[in-house]
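# Structural description and commentary
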Amino acid sequence: MRIYMSPPDMSGNEREMLLDAFDSNWIAPLGPHVNALETEFAKAVEMDHAVALASGTSALHLALILMGVRPGDEVLTSTFTFVATANAITYVGGKPVFVDSDRTSWNMDPNLLEAELKQCANRGKLPAAVVTVDVNGQCCDYNAIEQICSKFDVPIIEDAAEALGARYHTRAAGSFGEIAAFSFNGNKIITTSGGGMLVTSNKEWADHARFLSTQARDAAVHYEHSQIGYNYRMSNLLAAVGRAQLSQLDAKVAKRRANFQYYEEQLGGIDGLEFMPEPNDFCSTRWLTAVLIDREKSDGVTWDDVRQALAAEKIESRPLWKPMHLQPVFRGCRCQLSGVSEDLFGRGLCLPSGSNLTDEDLQLITNIIKSRFGL
Ligand SMILES: Cc1ncc(COP(=O)(O)O)c(C=O)c1O
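Residues numbered from 1 in each chain as written. Predicted model: local features only at pLDDT ≥ 70, side-chain atom pairs only at ≥ 80, totals over all residues. Heavy atoms only, no water.

## Some words on the sheet that holds strand β6 (residues 167–168)
Put simply, the rule is: Whether two strands pair depends on DSSP finding at least two bridges between them. Under the scheme used here, helices are H or I runs from DSSP no shorter than 4 residues and strands are E runs no shorter than 2 residues, and both carry numbers assigned from the N terminus.
One open sheet holds the three strands; their spatial order is β7-β6-β11, and the pairing between them is antiparallel. Looking at strand neighbours, the two that pair on one side only are β7 (171–172) and β11 (282–283), the edges of this open sheet. In terms of strand pairing, β6 meets β7 through two bridges, oriented antiparallel. By the bridge assignment, R167 is partnered in β7 with A172.

## Here we look at the environment of H325
Heads up, the rule is: For every residue, the accessible area (1.4 Å probe, protein chains only) is compared with the maximum for its type, and the residue is labelled buried under 20%, exposed over 50%, or partly exposed between those bounds. Here, residues are in contact when the closest pair of their heavy atoms is within 4.5 Å. Definition of a polar contact: a pair of N or O atoms within 3.5 Å, with one able to donate and the other able to accept a hydrogen when the atoms are protein atoms, and with sequence-neighbouring residues admitted only if both atoms are side-chain atoms.
Mapped onto the fold, H325 is located in the loop between β13 (318–319) and β14 (335–336). Exposure remark for H325: the relative accessible area of 14% places this residue in the buried category. Considered as a pair, H325 and V99 are 226 residues apart in the sequence and their alpha carbons are 9.0 Å apart. Beyond its immediate stretch of four places on either side in the chain, H325 contacts T79, F98, C335, L337, S341 and E342. Within the structure, H325 has its side chain in polar contact with the side chain of E342 (distance 2.7 Å).

## Some words on the site of the ligand
The following threshold applies: Working definition: residue near molecule or strand if any one of its non-hydrogen atoms lies within 4 Å of it. Using the Shrake-Rupley algorithm and a 1.4 Å probe, accessible areas are obtained, with residue cover drawn only from the displayed protein chains. Under the grouping applied here, Gly and all other residues not named as nonpolar or charged are polar, the nonpolar ones being Ala, Val, Leu, Ile, Met, Phe, Trp, Tyr, Cys and Pro and the charged ones Asp, Glu, Lys and Arg.
Neighbouring the ligand are 16 residues, the closest being T57, D159, E162, S183 and K188. One nitrogen or oxygen atom from the side chain of D159 is found 2.7 Å from a nitrogen atom belonging to the ligand. Separating an oxygen atom of the ligand from a side-chain N or O atom of E162 is a distance of 2.6 Å. Out of a free accessible area of 390 Å², the ligand has 92% covered by protein chains. Counting only elements with at least two residues in the shell around the ligand, the list comes to α3 (56–66) and α4 (83–91). For the shell around the ligand, the element with the highest residue contribution is α3, accounting for three residues. Classifying every residue of the shell around the ligand by side-chain character gives five nonpolar, eight polar and three charged.

## Description of the pattern of salt bridges
Applied cut-off: Criterion for a salt bridge: a side-chain nitrogen of Lys or Arg within 4 Å of a carboxyl oxygen of Asp or Glu.
Applying the stated criterion to the full structure yields 22 salt bridges. Residue E146 pairs with R171 through a salt bridge whose shortest N-O separation is 3.1 Å. In this pair, E146 is assigned in helix α6 (residues 142–152) and R171 in strand β7, connecting sequence segments 25 residues apart. Classification of E146 as partly exposed rests on a relative accessible area of 22%. For R171, a relative accessible area of 31% translates into the label partly exposed. A cluster of three or more residues bridged by salt bridges with shared partners is formed by E38, K203, D207, R210 and R233.

## Quick notes on unusual backbone geometry
Positioned with a positive phi, W106 is a non-glycine residue whose angle comes to about 70 degrees. Turning to its location among the elements, W106 is positioned in the loop between β3 (95–99) and α5 (110–123). In this model, A216 sits at a positive phi of 50 degrees, which is unusual for a non-glycine residue. As for its placement among the helices and strands, A216 is situated in the loop between α7 (203–212) and α8 (236–246). For A216, a relative accessible area of 0% translates into the label buried.

## Comments concerning a nonpolar patch on the surface
Put simply, the rule reads: Only residues whose relative accessible area exceeds 30% and that form no salt bridge are eligible for patches; like-charged ones are grouped when within 9 Å, while nonpolar side chains (Val, Leu, Ile, Met, Phe, Trp, Tyr) are grouped when within 5 Å.
A surface patch of nonpolar side chains, amounting to about 290 Å² of accessible area, comprises L19, F22 and I27. Tracing the chain through its elements places I27 in the loop between α1 (14–24) and α2 (32–44).

## Remarks on the domain arrangement of the protein chain
For clarity, the threshold we go by: Boundary definitions for the domains trace back to an automatic or database domain assignment. Once two parts are joined, some of their accessible surface, as seen by a 1.4 Å probe, is lost; buried area is that loss totalled over both.
Here the protein chain is described as being made up of domain 1 (14–248) and domain 2 (250–372). Contact with domain 1, which involves 48 residues of that partner, is made by 39 residues of domain 2. A combined buried area of about 3800 Å² lies between domain 1 and domain 2, and 60% of that area is made up of carbon and sulfur atoms. In terms of surface lost to domain 2, no three residues of domain 1 exceed W106, N136 and I189, which account for 20% of the buried area on that side. In this structure, the connection of domain 1 to domain 2 is made through three salt bridges. Of the charged contacts, one joins R334 and E116 as a salt bridge, the two residues approaching to 2.5 Å between their closest N and O atoms.

This is the structure we're talking about:
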């Protein structure tokens, strides 16, 4: 590939920070960069506590443990997500129940969430948690979701893996659940190659997450353990890279939004092609620029035709998430469906969206797409 969909963008002092960590010999899942990254990250997402972990998935796993989800408990989540969200629910023995998306944010539909919670209440067993997902750099409609969840007294865990830097009304992504999870996987808006962060305003939970992520070692000179723990802490080397990346977050958000704007200016007039919406009072990072292509209105051109035209020029683009309720591994899970996520999957394509895309890259990509539509 010549142009990847969302490659790492190491354009600051990542190298110097990494060498600083290396030279200090703090080459372990602890050290000064881990502590500093936690402090800086908590400030960036306007939360009190952040715990640096090995991945976004491990942050979700620990969040579900901290929320007390037990084997057999139901956990509601978005069907329109990456599999990691639903996988983490199964790690604690939970049963995922999938809720469809709305048209306006492409995230969990508050009306369907309320309908599902009412049915759960009528059956006499509420879910242990709701895991919301902020897809493609855009928050859910949290005013509605928070109100519904508090009515039924069900806690929210926010999967903000894709949404670092996004805002909803006056608040930052990551501030909506009791606990939120972020990812620093290689394709994310900032990356540590692999890594994640758990954030919360509850100090006891943050301390407990640190304890569980370091094999749950009790206070003793020897190795004493009274609980099952995990090896989930972030390496100090990676935290150094993460600090350099985090210091550029605003510029990376601005660049991804500028990519989106360019695509919209260039391609917005094409019949049958529409962009992921951004409702009023939402500020998406446009982590990925996503489009829907309606072959009825585009003279038969499909998302896959565009994907193939780009791939022929060594340019990567990808379909939107295949909903979890359609995944063989989650066959049989209950769901509240409206058809929206299946429609998004059937028509959607994510275009190259990296913060290191050049003007020439963008011009090349849009020219290829235009010519596929015969323009
Ligand atoms: C919505 C969502 N949740 C969770 C994850 C898992 O994060 P990680 O890959 O860091 O484990 C990802 C991305 O990778 C994601 O996109």
